[in-house]
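Take a look at the letters that make up each chain.
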Amino acid sequence: MTQSTEEFMLDDIIRGCPHSRDYLISILQAVQDRYGYLSRESIYRISDYLDLPESKIYGVATFYNQFRLKPPGKFQIHVCRGTACHVKGSAGILDTIGRELGIEVGGTSKDGLFSLDTVACLGACSIAPVITINGKFYGRLDNKKVQSLVKKLKRQGDGT
Amino acid sequence: MTNKSRVYIGMGTCGLATGADLVKAAAEEWFLKKGVCGQITPTGCVGFCQMEPIMDVVAENGIRISYGAVEPAEVAGILQGALADGDYSRGKIIGQYKNGASFLSDIPFIEEHPFFKKQVKFVLKNCGIINPASLSEYKERGGLTGLERALKAGPKGVVEEIHESGLRGRGGGGFPTGKKWRLAQSNDAAQKYIICNADEGDPGAFMDRAILEGDPFALIEGMIIAGFAIGASQGIIYCRAEYPLAIERLESAIDTLKKEKLLGHSLDKNGFHFDLRVKKGAGAFVCGEETALIASIEGRRGMPRPRPPYPSDSGLFERPTVVNNVETLANVTGIMREGAEFFSSMGTKNSKGTKVFALTGKIRNTGLVEVPMGITLKEIIYDIGGGIAQDKSFKAVQIGGPSGGCIPKSYIDTEIDYESLKGVGAIMGSGGLVVMDEDTCMVDVARFFLSFITNESCGKCIPCREGTQRLFEILDYIVSPYSKMKSEEENLRRFNMVMELENLAEVIKRTSLCGLGQTAPNPVLSTLRFFRNEYEAHIYERKCPAKACRGLLTYEIDTDICTGCTLCSKSCPTGAVVGEKGKAHYIIEDKCVHCGTCLDVCRFGAVKVS
């Protein structure tokens, strides 16, 4: 895809939203939905469109947990760190995943396959501990289940 | 067999996570194979999450039986039995519904099941029973009659009725809803707003998600009534982005109501019309605070501001605004449908109606329960929850999330009521009940909440931003081994901080800007109050009685069990495990950082903890 079509698509997403500051978060969400993260370029574009300094947009983007400024991995893993999950051992699950993948929270593996984040609560406390991989829920986990899950994903990733 | 036979499958988030989609596929396959025209309807969550996936089968004769923990492989058998052979007993039966005249004498009613027996379904009346996308099913169960009554009573009448019912905000603070509405109603601004706070940020709470996913019309009806009562023509539902399914169902419900001309069209003779939109949150716990939530809707960083002015005078875009929680608004629908008197007949003197709790943690029956106010914690945990999982002993129940507290065994007879919970150092909060057993360390729980708060503090006021960080450091010190410290001097300094723990917590409580900061030290204060002995064991004896704080444990390898597989020495981050391949390994105490990795990776159970 050439640079110009990419830019055109970005503008298209941004213009789909009303021209007003209170839609800033919605615009950021729409851009992140498409690209997986907020690039420097996209922040410049949004700044032009809303006539708002880049610093303000950066301020909003870094305030909320949802936004990423770096590209995510092919498999985005979110580990729930809510109370129920904590009581049922989510700290161990997080350690195990980090160890298996060799990355820390907020990081992306060198091959670009995995990124690991925590989330305050996924609201699926009754099947704690819970993680999501690309939005799909996996509940009632333990260290062993997580290990085999990660191994499966690694195989899938190598296959492509 | 005709198309009267129906299958309902609980497809809320927890249902889907446990394989409800596979169950649905299996049911579809059975219908296709049999060439039978039956209807498969996805529903929200009935609350009994422990038994998910749940499948209800409605036979032609109207008998509705609920099956729990359904495996995709047994779906065909259950359906063949219930819909073709007249044998309802295949599968794990939860119970049958009282569904008209016909019922089976040998299957217990679902209301008799211990999990449901003490529950009173007022807000969750439809959740898991109806198709959340079907307005006609909602109407069949009394939907929209509350709105009709409200329109007849007029705005003043509605506010009076809500006031009389004694309804208090279900989001945490417990402010009387009628009073809030009265303030907004008396303001004669041309533009007012009603906002639904669906940013359920409390870790361990998911009651709002269940309502949004299972009965979106009830919430929207409540919002229209609220808008009518206070004179707001615009409503916004601020829903967290972590609930994609809830957002999808809300948006589809709004579309349906627009087509039915209930949204965006004149509803009464004075031309009252109401518009509603959903705004996705972006993940910030502090946005549960109303002024922060308003800032977030305006596209800014979600930071609270000092009150007054209260949102009822100057809120969204500086217009009068009422912010109500999901459960509160769903209660409004119920009150307008059944009447204030019915509502206030449930509950205690100062806390009326019911409350939905998310029952989780080390308990047998996890799930969502709705109970009348005034029930005791003991009844919820033992009668409804079935007691502690794996027959361990009960230690405490955490209620109210990061702003709440831990209630110990000695106070388990406490009644659920806004005031009585405050009396034992907790709060009603949004309704998360996390049960803890003997293996849970209370210092670790307090540290967990503090780490949550330090991550989520917006940073605006110093007591919360800096104070909670210091509190966290102190707790971190308490659960860390000595070797982590740099020098004796630092150890001494840290010890001084421990002496200041309580004092610092009090300062944060008194001086923080918003409700979240003011309640942030609660987990520390309440665990200190009831579990001081655990703190002392950590500090003086350097021991964790629950064996949960890894930093205070010592690890040893049992040389009789160790096979010398080298897995532990390979995974040890500091090279503290040494030994030859095929021979027993051992741990060098000085190098060990107590991370517990060797314990996790050992496949033979050779690593012992003391």
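Residues numbered from 1 in each chain as written. Chains lettered and ligands numbered in written order. Predicted model: local features only at pLDDT ≥ 70, side-chain atom pairs only at ≥ 80, totals over all residues. Heavy atoms only, no water.

Chemist: Help me understand the overall build of chain A, please; the structure alone is not making it clear to me.
Modeler: When its secondary structure is counted, chain A shows 7 helices and 4 strands. Reading chain A from its N terminus to its C terminus gives the helix and strand order α-α-α-α-β-α-α-β-β-β-α. Dimensions along the principal axes, computed over C-alpha positions, put chain A at roughly 50 × 35 × 20 Å. Considering only contacts in chain A between residues 6 or more positions apart, those separated by 24 or more positions represent 62%. Carbon and sulfur atoms make up 50% of the accessible area of chain A, which totals about 7,700 Å². Once the 21 positive and 17 negative side-chain charges of chain A are each reduced to a mean point, those two points are 12 Å apart. (Helix = DSSP H or I, 4+ residues; strand = E, 2+ residues; numbered from the N terminus. Contact = heavy atoms within 4.5 Å. Areas by Shrake-Rupley, 256 points an atom, 1.4 Å probe, with all protein chains shown as cover. Lys, Arg positive; Asp, Glu negative; His and termini not counted. Charge placed at Lys NZ, Arg CZ, Asp CG, Glu CD.)

Chemist: In this structure, what is going on with the environment of Val46(B)? I would like to understand it.
Modeler: One can find Val46(B) in the loop between strand S2 (39-43) and strand S3 (55-58). Discounting residues that sit within four places of it in the chain, Val46(B) has contacts with Ile54(B), Tyr97(B), Phe116(B), Lys121(B), Cys127(B) and Gly128(B).

Chemist: How should I be thinking about the domain arrangement of chain B in this particular structure?
Modeler: A common way to express how large an interface is: the accessible area buried when the components associate. Per the domain assignment, the segments making up chain B are domain 1 (6-112), domain 2 (138-344), domain 3 (354-440), domain 4 (443-540) and domain 5 (554-609). Taking only C-alpha atoms, the centre of domain 1 of chain B and the centre of domain 4 of chain B are 49 Å apart. (Domains from an automatic or database assignment.)

Chemist: I keep staring at the interface of chain B and chain A and nothing clicks. Help me out?
Modeler: The interface is formed by 54 residues belonging to chain B together with 36 residues belonging to chain A. For the pair chain B and chain A, the two sides together bury roughly 3,600 Å², of which 56% comes from carbon and sulfur. In this assembly, chain B and chain A are joined by 1 salt bridge. For the pair chain B and chain A, the number of links is 19 residue pairs in polar contact (both at pLDDT 80 or more). Among the elements of the structure, helix H1 (13-17), strand S8 (275-280), helix H11 (290-297), strand S10 (354-361), strand S14 (432-437), helix H16 (442-456) and helix H23 (597-601) of chain B are those that each provide at least two residues to the side of chain B that touches chain A. With 5 residues, H16(B) is the single largest residue contributor to the side of chain B that touches chain A. Looking at the side of chain B that touches chain A residue by residue, the class counts come to 24 nonpolar, 15 polar and 15 charged. (Buried area = accessible area lost by both parts, 1.4 Å probe. Salt bridge = Lys/Arg side-chain N within 4 Å of Asp/Glu carboxyl O. Polar contact = N/O pair within 3.5 Å; in protein donor to acceptor, adjacent residues only side chain to side chain. Nonpolar A, V, L, I, M, F, W, Y, C, P; charged D, E, K, R; others polar.)

Chemist: When you look at the sheet that holds strand S5 (residues 92-96) of chain B in this model, what are you seeing that I'm missing?
Modeler: In sheet architecture, strand pairing relies on hydrogen bonds along the backbone and comes in two forms, parallel and antiparallel. Residue and element names in this part refer to chain B. As summarised here, the arrangement of the 5 strands in space is S2-S1-S3-S4-S5, forming an open sheet in which the pairing is mixed. Here the strands that pair on one side only, and so sit at the sheet edges, are S2 and S5. Going across the sheet, the axis of each strand differs from the next one's by a mean of 25 degrees, ignoring polarity. Bridge count between strand S1 (residues 6-10) and S2: 5 bridges; the pairing is parallel. Its bridge partner lying in S2, Ile9 is registered against Pro42. Sheet contacts for helix H2 (residues 20-34): S1, S2 and S3; angle to S1, the most-contacted strand, approximately 165 degrees. The sheet contacts of helix H3 (residues 75-85) involve S1, S3 and strand S4 (64-68), and relative to S3 the element is tilted by about 25 degrees. (Pairing = 2+ DSSP bridges. Axes fitted to C-alpha atoms, helices over the stretch in contact; angles between N-to-C directions.)

Chemist: Before we go on, may I ask you to explain unusual backbone geometry in this structure?
Modeler: All names here are of chain B. At the junction of Glu52 and Pro53, the peptide bond is cis and its omega measures out at -5 degrees in the coordinates. Inspection of the secondary structure puts Pro53 in the loop between S2 and S3. That bond from Pro308 to Pro309 is cis: its omega, 0 degrees, falls within 30 degrees of zero. The residue Pro309 is located in the loop between H11 and strand S9 (321-325) in this model.

Chemist: Hey, could you run me through the pattern of salt bridges in this one?
Modeler: If the charged atoms of two oppositely charged side chains come close together, the side chains can form a pair. Residues and elements named next belong to chain B. Under the criterion given, the structure shown has 34 salt bridges over all chains. Here Asp87 and Arg90 are joined by a salt bridge, their closest N and O atoms 3.1 Å apart. Given the relative accessible area of 25%, Asp87 is considered partly exposed. Here the residues in one salt-bridge network are Arg465, Glu466, Arg470 and Glu473, joined through shared partners. (Buried < 20%, exposed > 50% of the residue type's maximum accessible area, 1.4 Å probe, protein only.)

Chemist: Mind showing me how you'd approach the packing of aromatic side chains here?
Modeler: All names here are of chain B. Counted by the stated rule, this structure contains 16 aromatic pairs over all chains. Measuring from centroid to centroid gives 6.0 Å for Tyr193 and Phe317, while their planes differ by 65 degrees, and the two rings are edge-to-face. One end of the pair, Tyr193, is in strand S6 (residues 193-198); the other, Phe317, is in the loop between H11 and S9, and 124 residues separate them in sequence. The exposure class assigned to Tyr193 is buried, which follows from its relative accessible area of 11%. Between Tyr411 and Phe530 the ring centres are 5.2 Å apart and the planes differ by 55 degrees, which places this aromatic pair in the tilted class. (Phe/Tyr/Trp six-rings, centres within 6.5 Å; stacked < 30°, edge-to-face > 60°.)

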